[in-house]
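Architecture at a glance
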Amino acid sequence: MKNYLALIRRADFIDFFKFGFFYLNSDKVVEFDCPISELPKRDDIYDALFARINSFESSFAYQIINFTKANDADDPSVVTITEVKHIFPLDLEAKREYESSFDEHVKIDNPIWPDAISLIKKKQLYQSSMQGVRNIFNIFKLEGIEKCKELISEDTVEEMLSNVYDDIRPSGDVSLWVYLMRYERHSFYPKESLGYFMDIVHIIVNFMSRKEVEDYIVESTDIYKILATYEGKGYKSHEILHLLRQNEMASGFLTKIASFVPDVDFILVAVNYLKMRDLYKDEFTYNEKFISACKASFGESFTIASYMIGIALGHDKTYACLYESLPLAIYKSKEEMAAIVLRKQEERERAKREMERIERERERERELEQERRKGGKKKGKKNTEYSPFGQSGYSQGRGGYPTWGPQSEESFPPYQGDDQGYIPSSMGRGYQHETPKQEPKTKKGVSHAATSNETGNLFGKEELQEMEIQTRKLISFPLTLQKYTKSGKPSTAKNSTAVVNNKEEYQNFLNTHSGETWKPKK
Amino acid sequence: MAWLVPENMLDDQQRDFVENVDINQRNVWIKGFPGSGKSVLLAYTMKRIKRKEPNAKVAVVVFTHSLIAMFKAAFAEMGVSANIMTYYEFMDGSSNYDYVLSDEVQDMTGRVLATMNSRAKHVIVAGDENQSIYESDPKYREATVSPSQITSLLNCRDFELGIIHRLSSSIIAAVEKFMPNMNIFTARRDMTKRTTQIRLCSANSAEQEAKYIMKEAQRAVNIGETAAILIPSQQKILDFFQMALTALGKSQWPVQLNRWGKVDYNKLNSYLRTNGIKLQYVGNGYGSFTEDGGKICVMTYHSSKGLDFDNVFLPGLSQSLYINSSERLSRTLFMVAMTRSRNNLYLTHSGSRSAYLSNFAGDCSRINVSDVLSGQTTTSGGGNIFGI
């Protein structure tokens, strides 16, 4: 007997459970030869299972199934539900989710590697961010990713995203770039260019305090007080920067920043980044004119800010725009999309009109109903007699719960999920009638999962494995027909074969040769 | 809000519903926390019905007129017409339907659900048992349904959504600590998800709380953000208004009653307007969100349900905090109030703080209101500590 693990998607498992058999991708099947309790120590099995896992959202998107094959020669990529011995969720949250949503008979084990999700998701978050950078550079037609990586290394990004995943706010001795990228405004700074300068002061104070600080601390700094004097004047970024450079009291602030980040203009990068982050907070869109203007005005500072925006938005928030800009081969043309937008607009208008009509009709119905109720019981009774859905179990006018009758039992078919007859025999519940009738040789009972392979060909494993071959044997047009003799042997006489090209020809042929025996030739 | 998001935008649980739940086999109750996508799935259900059975007779039954407006706009956006009504309107009618779709089912009465079941072939409801904030229906004077009654009256299967998209990770963490038995699953984490800053603010008196709240809330509305001050009861609301007026150096409002002997909040709102104060009472038909020049909204926990604001202030969270005689309802209402905030949540108290804050107080940033108001927050060395 051989033991296997396979990683399958939740949706695939639901189909597997529903239909009883499943074709696995053989790359995702891993054979193992140790007790299950030792699996957590087997890094080689972990690596083999998760090596090529696709990106996913929730930990319950995937699960690991453990199945056995009684015969070593059996193809492990064809599995029946009776061969499955364990279902391992990827983490305890997934276990909780499966237990609340799967058929309640299904037993969910504890995860084998409880930290797997965290490791995989962090890796995926990093991959998505770096893909986001490539997407942004592609869409904005920028160059110089490598130079940006020299400034904000991949290691820094990876570490920062690990903290994002773990919900750890920046603190301690981390790069100023990290304090910038992770910064969130929770203060009431003005929603204009000046506000971004106040944000930058806040970021610098965070960096120097080695933790995120409250706004009243920021507001007590001299540089903030200088900026506060510009409030309500509607200054643009370059004007504020100019004013700061002119102001002797602000020079300490500018010198300090230059000492932290000597090679680039941190303020310009930060203003660009913070502005873009606000601009794209709901949806990322591409405005060629705006981006060209930014590139021309801010040059390298804009490129670095775009690198950071790519990291922040990731592939998830940028792919729609990228696909449109390529465009994807599977995308409809702009003309087709314009027609769809127009059609949807018409549908919206139609829906609005229709809802107004429904409302008027309902108003009329309400008036009629009120009149009917005033009119007395008899008329009302007549109405309910015509109800196509039967009468309510609720007796109007009495109030309270006890009068709700058993109408639901008649209105709805019994839920088959609770019908014991539908339980697959491998579930180990020990019902008498679960013993497969077609396999009377089975002696050990259904409660022993390890031996349930012996329940035999419950799902027609051989047929499943041969299904591919079978499909090739199926007939299709054009069809060659063979004449058979009365003794049942293929005729060797002249004209003992014929070809028909479609169903009609086939039917006509059989009608015109009704006294003879013709069968499709395989 | 785009209700019919493309399938690639659905989370794993929502996708599971779309792929595997057969609404024609059995009635369905879509459960889930606010922001978990219950309404999105109702919209998907509507679209599915209209695609498969264009002539099906469908009623959408909701709790309030504001929900009608919301659903109407959403369905029109989807290009789908629907017969949308309040449950009172539904109960006044006698039509039968192929499908009834209903939201906020936890606040309806058993009779309404039983009627839905008898007048429709298929019933698909959405609602969250943890958000039930009414014990009885004000018009029918009947008890609202319990979770087990919903299941038995509709003979339905549950479908639970646990991934919350609307709330930030910090609010979810606080809710999980406040109500540990809730089945919440981790939403996607990435750099585009903001946190909500939860500030635990300790004051010397209720008056000081009011002064601090007004200061911060005014700063918020002055830059165009929304701000709401949520208070458990009407009486406490009136107390707060008077303290806020005092804090702003204005005379207290001479309370005026309406013809039913209740506080006339229209008069209060016009008093505030006359005095140039950007503050209003909202609820029970008073006040409006659409008025020009953003105003700070003061409302009860009850009235805030279904709404959200950039900044939320919950004053009076002292040891003597009283919300409702039912502990279950008190906790639910408190949870509703604290989950209204997008950007900043201020929990203020004077004296010892309420036990409701104990479980997550450690995760909040601390503000000493007295220091902030007196300007004694500068760290030693004055304003130039960083040389900037």
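Up top is the structure.
In this text, all values refer to a predicted model and were calculated from it rather than measured experimentally.

1. A look at the overall build of chain B
Of the regular secondary structure elements, chain B holds twelve helices and 13 strands. A compact globule built from 388 residues would reach a C-alpha radius of gyration of about 21 Å, and chain B, at 23 Å, matches this within 12%. Over its C-alpha atoms, taken along the principal directions, chain B stretches across nearly 70 × 55 × 40 Å. In chain B, which comprises 388 residues, the proportion classed as buried is 59%. Of the contacts made within chain B by residues no fewer than 6 positions apart, 72% connect residues no fewer than 24 positions apart. Per element, the accessible surface of chain B, about 15000 Å² overall, is 48% carbon and sulfur. The average position of the 42 basic charges and that of the 36 acidic charges among the side chains of chain B differ by 3 Å.

2. Overview of helix H13 (residues 266-279) of chain A
Residue and element names in this part refer to chain A. In a regular helix each residue adds 1.5 Å, so 14 residues correspond to 20 Å; H13 covers 20 Å between its end C-alpha atoms and thus fits that length. In terms of residue burial, H13 counts as a mostly covered element, since ten of its 14 residues are buried. Along H13, the residues that are buried comprise Phe266, Ile267, Leu268, Val269, Ala270, Val271, Asn272, Tyr273, Leu274 and Met276.

3. Some remarks on the interface of chain A and chain B
On the chain B side, the residues contacting the 77 residues of chain A number 82 residues. Contact between chain A and chain B buries roughly 7300 Å² in total, counting both sides, with carbon and sulfur atoms accounting for 53%. Counting across the chain A and chain B interface gives eight salt bridges. With its nearest N and O atoms 3.4 Å apart, the salt bridge here joins Glu89 of chain B to Arg366 of chain A. The interface formed by chain A and chain B includes 24 residue pairs in polar contact (both at pLDDT 80 or more). Ranked by the residues each element gives to the side of chain A that touches chain B, the list is headed by helix H15 (residues 334-375) of chain A, at 13 residues. For the side of chain A that touches chain B, the residue count by class is 36 nonpolar, 13 polar and 28 charged.

4. A few points about the nonpolar core
Residues and elements named next belong to chain A. Judged by nonpolar contacts, the single largest core of 99 residues is most densely connected at Phe50 and Phe266. Top element by residues in this core is helix H14 (residues 288-325). It accounts for 13 residues. Not counting chain neighbours up to four residues away, the residues in contact with Phe50 comprise Leu7, Ile64, Leu90, Trp113, Ala116 and Ile120.

5. Notes on the state of the cysteines
Residues and elements named next belong to chain B. Tallying each qualifying case throughout the model produces zero disulfides over all chains. Its sulfur unpaired, Cys297 is 20 Å from the next cysteine sulfur, which belongs to Cys201. A residue is classified by how much of its surface remains accessible, and Cys297, at 4% relative accessible area, is buried.

6. What about the pattern of salt bridges?
Across all of its chains, the model carries 43 salt bridges over all chains by this definition. For Lys95 of chain A, the salt bridge is made with Glu99 of chain A, and the minimal N-O distance between the two is 3.5 Å. Taken as a pair, Lys95 of chain A and Glu99 of chain A lie in helix H3 (residues 92-101) at a separation of four residues, close to a single helical turn. Between Lys149 of chain A and Glu146 of chain A there is a salt bridge, with the nearest N and O atoms lying 3.7 Å from each other. Of this pair, Lys149 of chain A and Glu146 of chain A both sit in helix H5 (residues 145-151), separated by three residues, roughly a single helical turn. Classification of Glu146 of chain A by relative accessible area gives exposed; the value is 54%. Several salt bridges share partner residues, and in doing so they unite Glu219 of chain A together with Lys215, Glu216 and Arg219 of chain B into one network.

7. Brief notes about the environment of Ala51 of chain A
Topologically, Ala51 of chain A is positioned in the loop between helix H2 (43-50) and strand E4 (62-69). Residue class for Ala51 of chain A comes out exposed when judged on its relative accessible area of 52%.

8. Here's the deal with the packing of aromatic side chains
Residue and element names in this part refer to chain A. Tallied over the full model, the rule gives 39 aromatic pairs over all chains. Ring centres of Tyr46 and Phe50 lie 4.8 Å apart, and the angle between their planes is 55 degrees; this geometry places the pair in the tilted category. With Tyr46 and Phe50 both in helix H2 and four residues apart, this pair spans about one turn of that helix. The same class applies to Tyr46 and to Phe50, which are both buried.

The rules behind these values
- Residues numbered from 1 in each chain as written.
- Chains lettered and ligands numbered in written order.
- Predicted model: local features only at pLDDT ≥ 70, side-chain atom pairs only at ≥ 80, totals over all residues.
- Heavy atoms only, no water.
- Helix = DSSP H or I, 4+ residues; strand = E, 2+ residues; numbered from the N terminus.
- Rg over C-alpha atoms; globule rule 2.2 N^0.38 Å.
- Buried < 20%, exposed > 50% of the residue type's maximum accessible area, 1.4 Å probe, protein only.
- Contact = heavy atoms within 4.5 Å.
- Areas by Shrake-Rupley, 256 points an atom, 1.4 Å probe, with all protein chains shown as cover.
- Lys, Arg positive; Asp, Glu negative; His and termini not counted.
- Charge placed at Lys NZ, Arg CZ, Asp CG, Glu CD.
- Expected span 1.5 Å × (residues − 1).
- Buried area = accessible area lost by both parts, 1.4 Å probe.
- Salt bridge = Lys/Arg side-chain N within 4 Å of Asp/Glu carboxyl O.
- Polar contact = N/O pair within 3.5 Å; in protein donor to acceptor, adjacent residues only side chain to side chain.
- Nonpolar A, V, L, I, M, F, W, Y, C, P; charged D, E, K, R; others polar.
- Core = buried A, V, L, I, M, F, W, Y, C linked by side-chain atoms within 4.5 Å.
- Disulfide = S-S within 2.5 Å.
- Phe/Tyr/Trp six-rings, centres within 6.5 Å; stacked < 30°, edge-to-face > 60°.

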